[in-house]
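Geometric and topological summary
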2 protein chains.
Amino acid sequence: MSEKLILITNDDSVNAKGIRSLIQTAKQFGRVVVVAPDKAQSGMGHAITINHPLRLHRVDLFDGIESYACSGTPVDCVKLAIYEVLKCKPDLLLSGINHGENTSTNVLYSGTMSAAIEGAMEGIPSIGFSLADYASDADFSHCEFYLKKIIHQTLMSGLSANTCLNVNIPKLSSAKIKGIRVCTQAHAFWADRFDKRLDQFGNPYFWLTGDFAEANPKENTDLEALKNGYVSIVPTHFDLTNYESIKAIEDWKL
Amino acid sequence: MSEKLILITNDDSVNAKGIRSLIQTAKQFGRVVVVAPDKAQSGMGHAITINHPLRLHRVDLFDGIESYACSGTPVDCVKLAIYEVLKCKPDLLLSGINHGENTSTNVLYSGTMSAAIEGAMEGIPSIGFSLADYASDADFSHCEFYLKKIIHQTLMSGLSANTCLNVNIPKLSSAKIKGIRVCTQAHAFWADRFDKRLDQFGNPYFWLTGDFAEANPKENTDLEALKNGYVSIVPTHFDLTNYESIKAIEDWKL
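Residues numbered from 1 in each chain as written. Chains lettered and ligands numbered in written order. Predicted model: local features only at pLDDT ≥ 70, side-chain atom pairs only at ≥ 80, totals over all residues.

Here the focus is the packing of helix H1 (residues 17–26) of chain B against helix H5 (residues 143–157) of chain B. Residues and elements named next belong to chain B. Packing of H1 against H5 brings their axes to within 10 Å, and their N-to-C directions diverge by 50 degrees. If you check the angle between H1 and H5, you find them oblique. Judged by the twist between their axes, the crossing of H1 over H5 is right-handed. Contact residues: H1 offers Ser 21, Thr 25 and Ala 26, while H5 offers Cys 143, Glu 144, Leu 147, Lys 148 and Ile 151. Classifying every residue of the contact of H1 with H5 by side-chain character gives 4 nonpolar, 2 polar and 2 charged. (Axes fitted to C-alpha atoms, helices over the stretch in contact; angles between N-to-C directions. Helix = DSSP H or I, 4+ residues; strand = E, 2+ residues; numbered from the N terminus. Parallel < 35°, antiparallel > 145°, perpendicular 65-115°, else oblique. Left-handed = near helix turned anticlockwise from the far one by under 90°. Contact = placed C-beta atoms within 7 Å. Nonpolar A, V, L, I, M, F, W, Y, C, P; charged D, E, K, R; others polar.)

Here it is, written out as structure tokens:
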């Protein structure tokens, strides 16, 4: 079997602790190339940069691993990696390990998961990994065991067409993690609010904040798995059609 | 029936021609409030602003319609509108009319559609409208007929839970448009490439460009409908779970 080519990106930037953990594990499976944002890009979702040009700088951060810092979003990183750096599609795309969970509807806001979804759009087996710990110095040491299992199996079995994996790992010691569950995306939402402040001229500005709450708790969701001490895997695709609604709208008098 | 409260946003900015067309039509259905980006936010997808504060400025652009320009993304506009401007959920959220089509996987990159999806996440009947014409001076005059039909029917019938509408209108005169079709999201992709240039110091920078091509043409997609002269409606939700893949992954040895 020829050596696998593995593209790594994230949304917390090339300087985050989480990407370093992911590289350490991934390099056991093949040749790793890193193209990741040069600054934090959390919450950038599937944004692409079309009104500004992009920059790409070679960096030497990971013991000789070919690595680039990109001025754009996580999705920009994937596109630049495929079309300008690798000039081919890698065998595997890994994104993360994100500092903070990406369960439920967070998959839409998450740059980490959008990079994995972009990989799926390119036909590349892709996985987004997140740890349920937002701290910049989060402890990722227990993640390797699960990453290895999931990466190995993905390389062996492949993934369904147009589908990537959204993997969330609890903030628990290895001994306390109960196992891995294949789940559905929970329907939880941010109950948003804004912290309104006044600047030095008395003009208002707003910080987005809020709490995350499950609207209609269902069985076997990623949120429930994580709460109960399991690693969650959600097979994630990019067809947003609600097929069940088509008939009702066809019955409209249009 | 009490007067409907209608929130309008877009991604082309409060100064775009398309939002003006949408306001003209929407105000026939109730009280309109506009919260839209203060600059072009195309391609911003579901991005939210978490590392910078947001600004919101009252503007007087639309003949007495209460309107605000927001420094953030389309999704930020929706959140700020609900939680700081209206302080309640509107009866209807309309996004657009976008300058350029948002068929197929463009729904993921589109700020216009992400605003509508955010509305669906908030439980608000939401519709994103796009015209297949990128020109800043595009002719939107033929859109009103279709907007009125679709807005009227949405207010009458409501939408399925967690679902918004993605409406695309061809760049054709009214006489040439054949009707309205309820469709699925096409699986078309950007065959990306980058235009690599050198700056004044000889350092490279990259502009994202590329062509849009359908991977596996299917029947009854939005892309096909638009090509054939129909207005397309895709019921769009935010559950990205690929339910059909769950069993295969459960069979993995994890």
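Moving on, we get to the interface of chain A and chain B. Contact residues are listed per partner, giving 65 residues for chain A and 64 residues for chain B. When its residues are assigned to classes, the side of chain A that touches chain B shows 33 nonpolar, 21 polar and 11 charged.

All names here are of chain A. Pairing is mixed across the open sheet formed by 9 strands, whose spatial order is E3-E4-E2-E1-E5-E6-E7-E11-E8. Two strands bound the open sheet, and with one partner strand each, they are strand E3 (56–59) and strand E8 (179–182). Strand-to-strand, the axes of this sheet are offset by a mean angle of 25 degrees, without reference to chain direction. Bridging between strand E5 (residues 92–99) and strand E6 (residues 126–131) involves 5 bridges; their strand directions are parallel. (Pairing = 2+ DSSP bridges.)

The biggest cluster of nonpolar side chains holds 152 residues, and the ones touching the most others in it are Ile 8, Val 35 and Leu 80 of chain A together with Ile 8, Val 35 and Leu 80 of chain B. Discounting residues that sit within four places of it in the chain, Leu 80 of chain A has contacts with Val 35, Leu 54, Leu 56, Cys 70 and Val 85 of chain A together with Phe 194 and Phe 206 of chain B. (Core = buried A, V, L, I, M, F, W, Y, C linked by C-beta atoms within 7 Å. Buried ≥ 20, exposed ≤ 12 C-beta atoms within 10 Å, placed from the backbone.)

This brings us to unusual backbone geometry. All names here are of chain A. A cis amide bond links Gly 96 to the next residue, Ile 97, at an omega of -10 degrees. Here Ile 97 lies in strand E5. The phi dihedral of Asn 162 falls on the positive side, at around 65 degrees, and the residue is not glycine. Relative to the helices and strands, Asn 162 is located in the loop between helix H5 (143–157) and strand E7 (163–169). Take Asn 162: there are 19 C-beta atoms within 10 Å of it, and that puts it in the partly exposed class.

Below, the discussion takes up the relation of the copies chain A and chain B. Once chain A is rotated about the relating axis by 180 degrees and shifted along it by 0.0 Å, it coincides with chain B to within an RMSD of 0.0 Å. Both copies of the chain, as the preceding transformation shows, are related through a two-fold rotation axis. When the interface residues of chain A are mapped onto chain B, 98% of them are again interface residues, pointing to one common binding face. (Least-squares fit on C-alpha atoms with pLDDT ≥ 70 in both.)

None of this, on its own, says anything about what the molecule does.
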